[in-house]
Amino acid sequence: MSGLGKGLLAASLAKLLSASGYSVCPIKFDGYLNVDAGTINPFKHGEVFVLDDGTETDMDLGTYERFLNISLDSWSSLTGGQIFQNIIEKERQGEFLGQDIQFIPHVTNEIISWIRQKDDVVDVTLVEVGGTIGDIENAYFIEALRQLALTCDKSDVCWVHVTLIPFLQVVGEQKTKPTQASVKTLQGMGIQPDILLCRSEKPLNPDVRQKVAMFCNVSVSDVISGHDVQVIYEYPFQLLEEEILASVFKRLQMGPKKLPSLSTWRDLLDKIKNPIGEVTIGVGGKYTALGDAYVSIVKALTHAGAHLGIKVNPVFIETTNIATKDLDHHIKSCDGIIIPGGFGYRGIEGKISLITRLRENKLPFLGICLGLQCAVIEFARNICGLENANSTEFDPDTPYPVIDLLPSQRSVYRKGGTMRLGLYPVIIRERTRVHAIYGKNEIKERFRHRYEINPDYVSQIVANGFTFSGMSSDSSVVHIGELTDHPFYVGTQFHPEFLSRFEQPAPLFKAFVKSCLKNQSGN
Ligand code: GLN
């Protein structure tokens, strides 16, 4: 079921395989009929993650990238909507002329050929199926996997079933029934799991392992305990101790190319567990009731903190109808504040008021996408004297549209996949804060937005003291803005959090967290 940590465990297993010398590439399947995650409200399904090639994906893809320290592409993100779109497109092209198109074999074949696309370039394809066994949404996908396995050598496929072992307080026991029931459902679909990855609060008791093994038709050594950990980055070590690699390698008839080397990972984990300092960082948005909506930002903060040996406590600040006393409270209690990306007017005025205080109180500020746009609106209104300046996203009739659509976006009516999406170069101006942070004249970062800083207002805003330190490669649009007479005030049109990895933190986040720590100690 969702929330079990399937993505995390799958990414941990992928990490172990890659640390053993194999190239591993994940595919996440989601059963919903959206073609991609781009049009889903983050409130419903968590953050929309963006890949280099502009694919808008489920947030689990972010977990894989952060764990494996690799950049994935659209192949790794598959939805029900995508499969049906492909099939219907083929039907319109006449590819199935004369046939009636059916779930079996057409849909299943479409899935199989999608999965096999990278057979020649990767050692292990790790397919994660979203949802629960027995769902209508993933039933045809699981059937396709069964057929795929049937056409392969037995040693080419390993089935891992992630399942729940709840602890029942009243009887003081770990219960195996939900696992037995889901394995039965899976068996009814023609699949016998090779490995059971059991999520539980505490390590599995030996008798529970025995029982699960016997009732579910697997060896005891293939029942793996995936119990709760203090820090998620412990999972690869936990799975290693549980000897999951032995089970996987036995099934796939292969061995490690090298002993899993996880020394950087281990060092960082130690730093997380024994921090030498602590900072509190506010995240001011409108999807704050669901922490998953800002998951990449929270992870990027953790990564930066781990590399600096500092614990980062993120605090969500709901900016919708925020009262003045709450604004003042957050300014006092946070060591720095991030205004993340977002869409629509709700919460905007709260963000702008927060930014005024951050600017005036010289509190570290990182604005991401919408955060940069709000910073520009705030500066235009309060420093440039452009009363009621706004983005045309929020006020189409604003007298000063400092944020606006460029002509190329004005004729766009379809919502899906039509923003500026994916990796683009950013030219960094020398002798600016971001140049010092990145140490380069050109970087590449991931974008996801429609609106831009209006080029018509750039010179006026610059004349009043704002520095535009990053531009598009043709210099036509602003990608980074900063204030120099401030300990840390940087806004980016891109999302640096999407490229932050546990072993390789995003430079901007690291510099921001560092300055929050400095701000705290007052030096
Ligand atoms: N809504 C803004 C835009 O479309 C900002 C998007 C974002 O923050 N990702 O440009």
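One structure accompanies this document, and this report is about it. In this text, all values refer to a predicted model and were calculated from it rather than measured experimentally. (Residues numbered from 1 in each chain as written. Predicted model: local features only at pLDDT ≥ 70, side-chain atom pairs only at ≥ 80, totals over all residues. Heavy atoms only, no water.)

**Some words on the sheet that holds strand S9 (residues 195-200)**
Overall, parallel pairing links the three strands, which are arranged S6-S9-S10 in an open sheet. A single partner strand is all that each edge strand has here, and the edge strands are strand S6 (160-164) and strand S10 (223-227). Mean inter-strand twist for the sheet, computed between neighbouring axes without regard to direction, equals 25°. Both S6 and S9 contribute to a ladder of five bridges, which runs parallel. Following the sheet pairing, histidine 161 is matched in S9 by leucine 196. Helix-sheet contacts for helix H8 (residues 206-216) involve S9 and S10, and the interaxial angle to S10 is about 130°. (Pairing = 2+ DSSP bridges. Helix = DSSP H or I, 4+ residues; strand = E, 2+ residues; numbered from the N terminus. Axes fitted to C-alpha atoms, helices over the stretch in contact; angles between N-to-C directions. Contact = heavy atoms within 4.5 Å.)

**Examining helix H3 (residues 60-68)**
With respect to burial, H3 is a largely interior element, nine of its nine residues being buried. The complete set of buried residues in H3 reads Asp60, Leu61, Gly62, Thr63, Tyr64, Glu65, Arg66, Phe67 and Leu68. Trailing H3 by a residue or two, asparagine 69 shows a phi angle of about 55°, which is positive. (Buried < 20%, exposed > 50% of the residue type's maximum accessible area, 1.4 Å probe, protein only.)

**Description of the environment of methionine 1**
Residue placement: methionine 1 occurs in the segment before helix H1 (6-19). The exposure class assigned to methionine 1 is partly exposed, which follows from its relative accessible area of 49%. Taking the C-alpha atoms as reference points, methionine 1 and serine 472, separated by 471 residues in sequence, lie 43 Å from one another. Apart from residues no more than four positions distant in its own chain, methionine 1 is found in contact with Thr132 and Leu164.

**Notes on the site of the ligand**
The environment of the ligand is made up of Gly341, Gly342, Phe343, Cys369, Leu370, Gln373, Glu393, Arg448, His449, Arg450, Tyr451 and His495. Within the backbone of leucine 370, one N or O atom sits 3.0 Å away from an oxygen atom of the ligand. At 3.1 Å, a side-chain N or O of glutamine 373 approaches an oxygen atom of the ligand. Burial of the ligand by the protein amounts to 99% of the accessible area it has alone, namely 300 Å². Of all the secondary-structure elements, those providing two or more residues to the shell around the ligand are helix H15 (370-382) and strand S18 (442-449). Looking at the shell around the ligand residue by residue, the classes come out as four nonpolar, five polar and three charged. (Near = heavy atom within 4 Å. Polar contact = N/O pair within 3.5 Å; in protein donor to acceptor, adjacent residues only side chain to side chain. Areas by Shrake-Rupley, 256 points an atom, 1.4 Å probe, with all protein chains shown as cover. Nonpolar A, V, L, I, M, F, W, Y, C, P; charged D, E, K, R; others polar.)

**So, the pattern of salt bridges**
Under the criterion given, the structure shown has 28 salt bridges. Two residues, lysine 6 and glutamate 128, come together in a salt bridge whose shortest N-O distance is 3.5 Å. Remark: glutamate 128 occurs in strand S5 (residues 124-129) and lysine 6 occurs in helix H1; sequence separation between them is 122 residues. Using a relative accessible area of 3% as the deciding quantity, one classes glutamate 128 as buried. Of the charged contacts in the structure, one is a salt bridge between arginine 410 and aspartate 404, with a shortest N-O distance of 3.1 Å. Taking the relative accessible area as the measure of exposure, arginine 410 reaches 46% and is therefore partly exposed. One network of salt bridges, in which partners are shared, links Lys28, Asp30, Asp58 and Asp60. (Salt bridge = Lys/Arg side-chain N within 4 Å of Asp/Glu carboxyl O.)

**Considerations on the side chain of arginine 209**
The residue arginine 209 is located in helix H8 in this model. Contact partners of arginine 209, with chain neighbours within four places excluded, come to Leu204, Val220, Val223, Ile224, Ser225 and Glu242.

**A look at a positive patch on the surface**
On the surface, Lys271, Lys510, Lys514 and Lys518 cluster together into a positively charged patch. In terms of residue count, the dominant contributor to the positive patch is helix H19 (residues 507-521) (three residues). Residue placement: lysine 518 occurs in helix H19. (Patch = residues over 30% accessible without salt bridge, like charges linked within 9 Å, V, L, I, M, F, W, Y side chains within 5 Å. Lys, Arg positive; Asp, Glu negative; His and termini not counted. Charge placed at Lys NZ, Arg CZ, Asp CG, Glu CD.)

**Comments concerning the packing of helix H7 (residues 177-188) against H8**
In contact at an axis separation of 10 Å, H7 and H8 are set at 25° when each is read in the N-to-C sense. Relative to H8, the element H7 lies roughly parallel. Taken as a pair, H7 and H8 cross one another with a handedness that is right-handed. Facing Thr179, Gln180, Val183 and Gln187 of H7, the residues of H8 in contact are Lys211, Val212, Phe215 and Cys216. Residue composition of the contact of H7 with H8, grouped by class: four nonpolar, three polar and one charged. (Parallel < 35°, antiparallel > 145°, perpendicular 65-115°, else oblique. Left-handed = near helix turned anticlockwise from the far one by under 90°.)

**Points about the nonpolar core**
In terms of nonpolar packing, the biggest core is built from 70 residues, with Leu17, Ile83, Ile111, Phe141 and Ile244 touching the most fellow members. The element that contributes the greatest number of residues to this core is H1, accounting for nine residues. When sequence neighbours within four positions are dropped, the list of residues in contact with phenylalanine 141 reads Phe29, Leu78, Ile83, Ile111, Ile115, Val127 and Val129. Core analysis: the next-biggest nonpolar cluster, separate from the first, contains 39 residues, Ile317, Ile331, Cys334 and Val402 among them. (Core = buried A, V, L, I, M, F, W, Y, C linked by side-chain atoms within 4.5 Å.)

**Observations concerning the side chain of arginine 446**
Within the secondary structure, arginine 446 is located in strand S18. At 3.3 Å, the side chain of arginine 446 forms a polar contact with the backbone oxygen of phenylalanine 498.

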